[in-house]
Amino acid sequence: MGSLDGEVAVVTGARHGIGAAIARGLADAGARVAVTHHHREVAEGLAAELGGDHAGFELDVRSNLADPSPQGWRVRFRHEGPCPVCGDRCKRRSLPDERPLVFVGDGYSDRCASLACDRVFARDGLARYLQDEGVSYAPFDTLDDVAAALS
Ligand SMILES: [Zn+2]
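Note that this is a predicted model, so its numbers are computed, not measured.

Visitor: Hey, could you run me through the overall build of the protein in this one?
Guide: Each helix and strand counted, the protein has five helices and eight strands in total. The linear arrangement of helices and strands in the protein, starting from the amino end, is β-α-β-α-β-β-β-β-α-β-α-β-α. Sorting the 151 residues of the protein into buried and exposed places 23% on the buried side. Intrachain contacts of the protein at a sequence separation of at least 6 include 22% that bridge at least 24 residues.

Visitor: Looking at this model, I keep getting lost on the sheet that holds strand β6 (residues 102-105). Mind explaining?
Guide: Spatially, the three strands line up as an open sheet ordered β6-β7-β8, and their pairing is parallel. The two strands at the open ends of the sheet, each matched to only one other strand, are β6 and β8 (138-139). Where helix α4 (residues 124-133) meets the sheet, its contacts fall on β6, β7 (119-122) and β8, and the angle it forms with β7 comes to roughly 125 degrees.

Visitor: Explain the domain arrangement of the protein to me, please; I cannot follow it from the model alone.
Guide: Buried accessible area, meaning the area lost when the parts come together, often serves as the stated size of an interface. As assigned here, the protein comprises domain 1 (8-58) and domain 2 (79-137). If you average the C-alpha positions of domain 1 and of domain 2, the two centres end up 29 Å apart.

Visitor: I keep staring at the sheet that holds strand β3 (residues 55-58) and nothing clicks. Help me out?
Guide: Where strands meet in a sheet, backbone hydrogen bonds hold them as pairs that are either parallel or antiparallel. Taken together, three strands build an open sheet; the order of strands is β1-β2-β3 and the sheet is parallel. Of all the strands in the sheet, just β1 (8-11) and β3 have a single pairing partner and so form its edges. Strand-to-strand, the axes of this sheet are offset by a mean angle of 25 degrees, without reference to chain direction. As judged from the four bridges shared by strand β2 (residues 32-37) and β3, these two strands associate in the parallel manner. The residue bridging T36 from the neighbouring strand is F57, located in β3. Helix α1 (residues 17-28) contacts β1 and β2 of the sheet and is inclined by roughly 175 degrees relative to β1. Sheet strands touched by helix α2 (residues 40-50): β2 and β3. Its angle to β3, the strand with the most contacts, is close to 170 degrees.

Visitor: I'm lost on α2 in this one. Help?
Guide: Residues lying three or four places apart along an α-helix face the same way, a consequence of the helix completing one turn every 3.6 residues. Where α2 is concerned, the buried positions are A43, L46, A47 and L50. One side of α2 holds all its buried residues, which, seen down the axis, span an arc of 100 degrees. Phi turns positive, to about 70 degrees, at G51, one or two residues after α2.

Visitor: Please explain the nonpolar core as it appears in this structure.
Guide: Within soluble globular proteins, side chains that are nonpolar generally end up buried alongside one another. Core analysis: the biggest nonpolar cluster contains 13 residues, and A23, V33, V35 and L46 have the highest contact counts within it. Sorting the residues of this core by element identifies α1, β2 and α2 as the ones contributing at least two each. For this core, the leading source of residues is α2, giving four residues. The next biggest cluster of nonpolar side chains, apart from the first, holds 11 residues, and it includes C90, V104, V120 and L130.

Cut-offs used in this document
Residues numbered from 1 in each chain as written. Predicted model: local features only at pLDDT ≥ 70, side-chain atom pairs only at ≥ 80, totals over all residues. Helix = DSSP H or I, 4+ residues; strand = E, 2+ residues; numbered from the N terminus. Buried ≥ 20, exposed ≤ 12 C-beta atoms within 10 Å, placed from the backbone. Contact = placed C-beta atoms within 7 Å. Pairing = 2+ DSSP bridges. Axes fitted to C-alpha atoms, helices over the stretch in contact; angles between N-to-C directions. Domains from an automatic or database assignment. Arc of directions from axis to C-beta. Core = buried A, V, L, I, M, F, W, Y, C linked by C-beta atoms within 7 Å.

Next comes the structure, spelled out in structure tokens:
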């Protein structure tokens, strides 16, 4: 019996290094682990290595970059400089070409990127913006809501 018996854990980008170590630790603690990677075969391989009732899924997660420094963490966009669509710094150029594309966001820098996606989950400032623009979106409170809607 582990401290996480009956729990489900999702580990993104897990194949090597810290991601794989976290997945193994969660599995050892009793959780059912959903391993994700942008190559399904890689995720399924690690899930098989874990043994037990674990699964691998293809999931390509895009986010800003975080740089540690003695003054604290600094968040940077993956693509610095102005976006050719909105003229501001935004996440649109980080979007993959594959479709369908689901976007989950809440803030100002999510606006332009969300407009380029097939399905949008929004809350807070992004939800207010999409509402004002008359753009369809699904509201969410937590990522559990998003996962339930996508399953
Ligand atoms: Zn933009």
